[in-house]
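Secondary and tertiary structure notes
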Amino acid sequence: MKIICIGRNYRKHIEELGNDIPDEPVVFLKPDTALVPKNNPLVLPGFSKEIHYETEIVLRINRLGKAIPEQFASRYYDAIGLGLDLTARDLQKRLKSKGLPWEKAKAFDFSALVSKEFIPVSYFKDLYDIRFRLDINGKTVQKGNTGNMIHNFDALVAYVSRFFTLRTGDLIFTGTPEGVGPLHRNDMLEGYIEDKLMFKINVK
Ligand code: ZN
């Protein structure tokens with residue numbers, strides 16, 4: 001399986017990092033080795049002093065598709081989870097300033113946390129009014145609503161499938177809202193969709 005991530009999909013997050021609003025979705029990949037194994041803590045890597053959390057709604061792909069027209073895109077994902085796209089922000093800044101690819105800062109081991117449970121799409125009355133948030137040590141640090149995405153789920157599925165064949169089990173991270181920040185050892189993270197606890201994990 002592969003993990004496809006969307007960058008710069010929420011305006012206020014683009015502003016907080018001082019980036020430009022892109023004309024098209026910003027896309028990058030993480031390998032399956034980026035996934036945090038089940039029941040493991042979040043282990044911070046040694047090569048960075050600034051690992052940021054980015055809390056994101058994750059789509060689960062449920063069929064094979066390539067060059068999917070947007071009007072059929074909703075048939076290609078069946079469930080929604082919550083994830084953390086961990087980013088070595090210090091390294092990313094260095095790579096960006098040199099115009100180099102982001103992979104080392106984005107796709108390292110254990111840089112992708114995904115909730116065990118996925119919620120069927122049919123559970124939601126409105127896919128574009130889903131609240132989600134991250135609490136660290138009991139305090140809410142990020143709050144998002146899918147209604148604020150620049151590119152919606154169907155547009156993202158259609159767009160990425162022009163470049164990458166989608167397969168059952170692939171995951172799409174749909175971008176983070178504002179409020180990203182650094183993780184510290186012993187932080188306790190809780191991610192929610194609406195008021196449902198999707199993951200709880202300690203940082204080591
Ligand atoms: Zn992200």
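Preceding this section is the structure that the text describes.
What counts, and where the lines are drawn
Residues numbered from 1 in each chain as written. Predicted model: local features only at pLDDT ≥ 70, side-chain atom pairs only at ≥ 80, totals over all residues. Heavy atoms only, no water. Pairing = 2+ DSSP bridges. Helix = DSSP H or I, 4+ residues; strand = E, 2+ residues; numbered from the N terminus. Donors = N, O, S within 2.8 Å, 3.2 Å for Na, K, Ca; no water. Core = buried A, V, L, I, M, F, W, Y, C linked by side-chain atoms within 4.5 Å. Buried < 20%, exposed > 50% of the residue type's maximum accessible area, 1.4 Å probe, protein only. Contact = heavy atoms within 4.5 Å. Axes fitted to C-alpha atoms, helices over the stretch in contact; angles between N-to-C directions. Phe/Tyr/Trp six-rings, centres within 6.5 Å; stacked < 30°, edge-to-face > 60°. Lys NZ or Arg CZ within 6 Å of the ring centre and 35° of its normal.

**Some points on the pairing of strand β10 (residues 139-145)**
- Strand direction decides the pairing type here: strand β9 (residues 131-136) and β10, joined by 6 bridges, are antiparallel. Bridge assignment links phenylalanine 132 to a residue of β10, and that residue is glycine 144.
- The turn linking β9 back onto β10 is made up of 2 residues, and asparagine 137 within it adopts a positive phi angle of 50 degrees.

**Some thoughts on the coordination of the zinc ion**
- Donor atoms from the polypeptide that bind the zinc ion are Glu54 (OE), Glu56 (OE) and Asp85 (OD), placed at 2.0 to 2.1 Å.
- The motif formed by the donor residues of the zinc ion, counted along the single chain, is E-x1-E-x28-D. Taken together, the residues glutamate 54 in the loop between β3 (51-53) and β4 (55-61) and aspartate 85 in strand β5 (residues 77-85) connect sequence positions 31 residues apart.

**A word on the nonpolar core**
- Residues Leu42, Ile80, Leu84, Val157, Leu183, Leu189 and Ile193 are the most contacted members of the largest nonpolar core, which totals 48 residues.
- The biggest single contributor to this core is helix α4 (residues 153-160), with 5 residues.
- Residues within four places of valine 157 in sequence aside, it is in contact with Leu59, Ile68, Ala73, Tyr76, Tyr77, Leu166 and Ile172.

**Topic: the sheet that holds β10**
- With antiparallel pairing, 4 strands are arranged side by side in an open sheet as β10-β9-β13-β14. Of all strands in the sheet, those with a lone pairing partner are β10 and β14 (196-202), marking the two edges. This sheet shows a mean twist of 15 degrees between the axes of neighbouring strands, independent of strand direction.

**Re the environment of histidine 151**
- Examined against the element boundaries, histidine 151 turns out to sit in the loop between β10 and α4.
- Sequence separation between histidine 151 and tyrosine 76 is 75 residues, and the spatial gap between their C-alpha atoms is 16 Å.

**Brief notes about unusual backbone geometry**
- Here the phi dihedral of alanine 67 falls at roughly 45 degrees; this positive angle occurs in a residue that is not glycine.
- The residue phenylalanine 110 is not glycine, and still its phi comes out positive at about 65 degrees.
- Position of phenylalanine 110 relative to the elements: it lies in the loop between α3 (103-106) and β7 (112-114).
- You can call phenylalanine 110 partly exposed: its relative accessible area is 29%.

**Describing the packing of aromatic side chains**
- Applying the stated rule across the entire model yields 8 aromatic pairs.
- Ring centres of tyrosine 128 and phenylalanine 153 lie 5.3 Å apart, and the angle between their planes is 40 degrees; on these two criteria the pair is classed as tilted. Within this pair, whereas tyrosine 128 is found in the loop between β8 (119-120) and β9, its partner phenylalanine 153 is found in helix α4, the two being separated by 25 residues in sequence.
- Positioned above the aromatic ring of tyrosine 76, the side-chain terminus of arginine 63 is 5.6 Å from the ring centre.
- Over the ring of tyrosine 192 we find arginine 133; its NZ or CZ atom is 3.9 Å from the centre of that ring.

**A look at the environment of glutamate 103**
- Its place among the elements puts glutamate 103 in helix α3.
- Here glutamate 103 falls in the partly exposed class, since its relative accessible area comes to 44%.
- Glutamate 103 sits 72 residues away from proline 31 along the chain, and the two C-alpha atoms are 9.8 Å apart.

**Some words on the pairing of β9**
- In this structure, β9 lies alongside strand β13 (residues 188-193), joined through 5 bridges in antiparallel fashion. Counterpart to leucine 134 in the pairing with β13 is glycine 191.

**Some thoughts on helix α2 (residues 89-97)**
- Taken together, the buried positions of α2 are occupied by Arg89, Asp90, Leu91, Gln92 and Leu95.
- Elements that come into contact with the buried residues of α2 comprise α1 (11-16), β3, β6 (87-88) and α3.
- Glycine 99 lies just past α2 and shows a positive phi near 70 degrees.

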